[in-house]
Amino acid sequence: MTRALRDFVSGIGLFLHGLRLVLGNRRLLLRSALPPLLTSVLLFTALVLLAFNADNLVSWVTPFADGWADTWRELFRAVVGVSVVVAAIAGSILIFSGLTLAIGGPFYESIAEAVEDELPGGPPPAQHLGFARTAWVGSRDTVATVALAVLWAIMLFVVEFVPVVGQTAGPVIGVCVDSWLLAVELTAIPFLRRGYDLAVRRQALRRNRPLTLGFAVPVYLLCLIPLAALIVLPAAMAGGTLLAHRLSPELDGAEPGRSLPG
């Protein structure tokens, strides 16, 4: 087994460990399920409205196709419509996680604290973030990650028109990209508690890409299941804390608020 594959499997193990920790504490699970429940209702309503108005939206953004033959116009707009809905569903997971972390920051900070209390050596010196800071970071990161997701969705939409490759590699790349962006969001609180900013977080995760994807891909795929995020997101927060702890030796080389050396 190659090192990359071992790290990917280890990343899955971090999520499963987080799942066991959360399921083993019913009180913590019930508290942390409230923010994703509220966010789920809001995003589900938005997606339903989008689905019912997809035809009008597609016609509005593709006026150049009005003069095409009926068959080609309808086929093209059907592809665009499906792509818009799929991209919205994919992007909604990133929006969902960001809004949930913003709304439920204190709940998820308490998960990070509970997990770190059980780690070998005890919890690291940590900053208390509070609701205002977690809300700001969650909102800021959501805007940044969704913007990147939209750019990737546009590129992958073009790739879909490449025979065979577009239908096979495109979805895989899309899942990996969105999972990566999700990992950046889910590790925000444990990294910030250690005093490290977004640049350090991204560099640390990038240096351990297979481990990060192993953690994030199952989280992303499970969040596609309706209502599964009520349990998956708290577990992912615990897993993200374990991931930050795993990467903490690398963080020792970075000053708070600055990038990793090298």
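Everything quoted here is computed from the prediction, not taken from an experiment. (Residues numbered from 1 in each chain as written. Predicted model: local features only at pLDDT ≥ 70, side-chain atom pairs only at ≥ 80, totals over all residues. Heavy atoms only, no water.)

Asker: What am I meant to see in the environment of Leu-94 here?
Answerer: Examined against the element boundaries, Leu-94 turns out to sit in helix H4 (residues 70-103). Sequence separation between Leu-94 and Asp-178 is 84 residues; the distance between their C-alpha atoms is 7.5 Å. (Helix = DSSP H or I, 4+ residues; strand = E, 2+ residues; numbered from the N terminus.)

Asker: Honestly, the packing of helix H1 (residues 3-23) against helix H11 (residues 229-246) in this entry has me stumped. Any pointers?
Answerer: Axis angle and axis distance: for two packed helices, these are the angle between their axes and the distance between the axes, and together they describe the pair. It is at 7 Å that the axes of H1 and H11 come closest, and there the two elements cross at 125°. When the axes of H1 and H11 are compared, the pair comes out oblique. Judged by the twist between their axes, the crossing of H1 over H11 is right-handed. Facing H1, whose interface residues are Ser-10, Leu-14, Phe-15, His-17, Gly-18, Leu-19, Leu-21, Val-22 and Leu-23, H11 presents Ile-231, Val-232, Pro-234, Ala-235, Ala-236, Ala-238, Gly-239, Leu-242, Leu-243 and Arg-246. Of the residues that constitute the contact of H1 with H11, the class distribution is 14 nonpolar, 4 polar and 1 charged. (Axes fitted to C-alpha atoms, helices over the stretch in contact; angles between N-to-C directions. Parallel < 35°, antiparallel > 145°, perpendicular 65-115°, else oblique. Left-handed = near helix turned anticlockwise from the far one by under 90°. Contact = heavy atoms within 4.5 Å. Nonpolar A, V, L, I, M, F, W, Y, C, P; charged D, E, K, R; others polar.)

Asker: So what exactly am I meant to see when it comes to the packing of aromatic side chains here?
Answerer: Each pair of aromatic rings is reported with the distance of its centres and the angle of its planes. Tallied over the entire structure, the rule returns 1 aromatic pair. Both rings, one in Trp-68 and one in Phe-76, keep their centres 5.2 Å apart while their planes meet at 55°; by these two values the pair is tilted. Look at Trp-68 and you get partly exposed, because its relative accessible area is 37%. The ring of Trp-180 carries the charged tip of Arg-209 above its face, separated from the ring centre by 5.0 Å. (Phe/Tyr/Trp six-rings, centres within 6.5 Å; stacked < 30°, edge-to-face > 60°. Buried < 20%, exposed > 50% of the residue type's maximum accessible area, 1.4 Å probe, protein only. Lys NZ or Arg CZ within 6 Å of the ring centre and 35° of its normal.)

Asker: What is the right way to look at a nonpolar patch on the surface in this model?
Answerer: A surface patch of nonpolar side chains, amounting to about 540 Å² of accessible area, comprises Phe-64, Trp-68, Trp-72, Leu-75 and Val-79. Tracing the sequence through the fold places Trp-72 in helix H4. Using a relative accessible area of 59% as the deciding quantity, one classes Trp-72 as exposed. (Patch = residues over 30% accessible without salt bridge, like charges linked within 9 Å, V, L, I, M, F, W, Y side chains within 5 Å. Areas by Shrake-Rupley, 256 points an atom, 1.4 Å probe, with all protein chains shown as cover. Salt bridge = Lys/Arg side-chain N within 4 Å of Asp/Glu carboxyl O.)

Asker: In this structure, what is going on with the pattern of salt bridges? I would like to understand it.
Answerer: A side chain of one charge can pair with a side chain of the opposite charge when the charged atoms of the two come close. All told, the structure shown has 2 salt bridges when counted by the stated rule. Between Arg-3 and Asp-7 there is a salt bridge, with its nearest N and O atoms 3.8 Å apart. Here Arg-3 and its partner Asp-7 are both found in helix H1, 4 residues apart, which amounts to about one turn of the helix. By relative accessible area, which is 25% here, Asp-7 ends up partly exposed. Of the charged contacts, one joins Glu-116 and Arg-193 as a salt bridge, the two residues approaching to 2.8 Å between their closest N and O atoms. Placement of Glu-116 in helix H5 (residues 105-117) and of Arg-193 in helix H8 (residues 188-193) is noted, with a sequence separation of 77 residues between them. Glu-116 sits in the buried class, given a relative accessible area of 0%.

Asker: Before we go on, may I ask you to explain the environment of Leu-224 in this structure?
Answerer: Counting through the fold element by element, Leu-224 comes out in the loop between helix H10 (209-223) and H11. Expressed as a C-alpha distance, the spacing of Leu-224 and Ser-92, which sit 132 residues apart in the sequence, is 9.7 Å.

Asker: Hey, could you run me through the layout of surface pockets in this one?
Answerer: Using a probe with the size of a water molecule, rolled over the atoms, empty space left in the structure can be pinpointed. Roughly 520 Å³ of internal volume is contained in the second largest pocket. For the second largest pocket, the lining is made up of 21 residues, of which Phe-44, Leu-47, Ser-92, Cys-223 and Pro-226 are closest to its centre. Of all the secondary structure elements, the ones that give two or more residues to the lining of the second largest pocket are helix H2 (26-52) and H4. For the lining of the second largest pocket, the element with the most residues is H2, which contributes 8 residues. When grouped by side-chain class, the residues that make up the lining of the second largest pocket number 19 nonpolar, 2 polar and no charged. (1 Å grid on protein atoms, 1.4 Å probe; cavity = no way out; pocket = protein on both sides within 12 Å on 5 of 7 lines; lining within 4 Å. Points joined across faces, edges and corners; volume = space filled by probe spheres on them.)

That is the geometry; function is a separate question.
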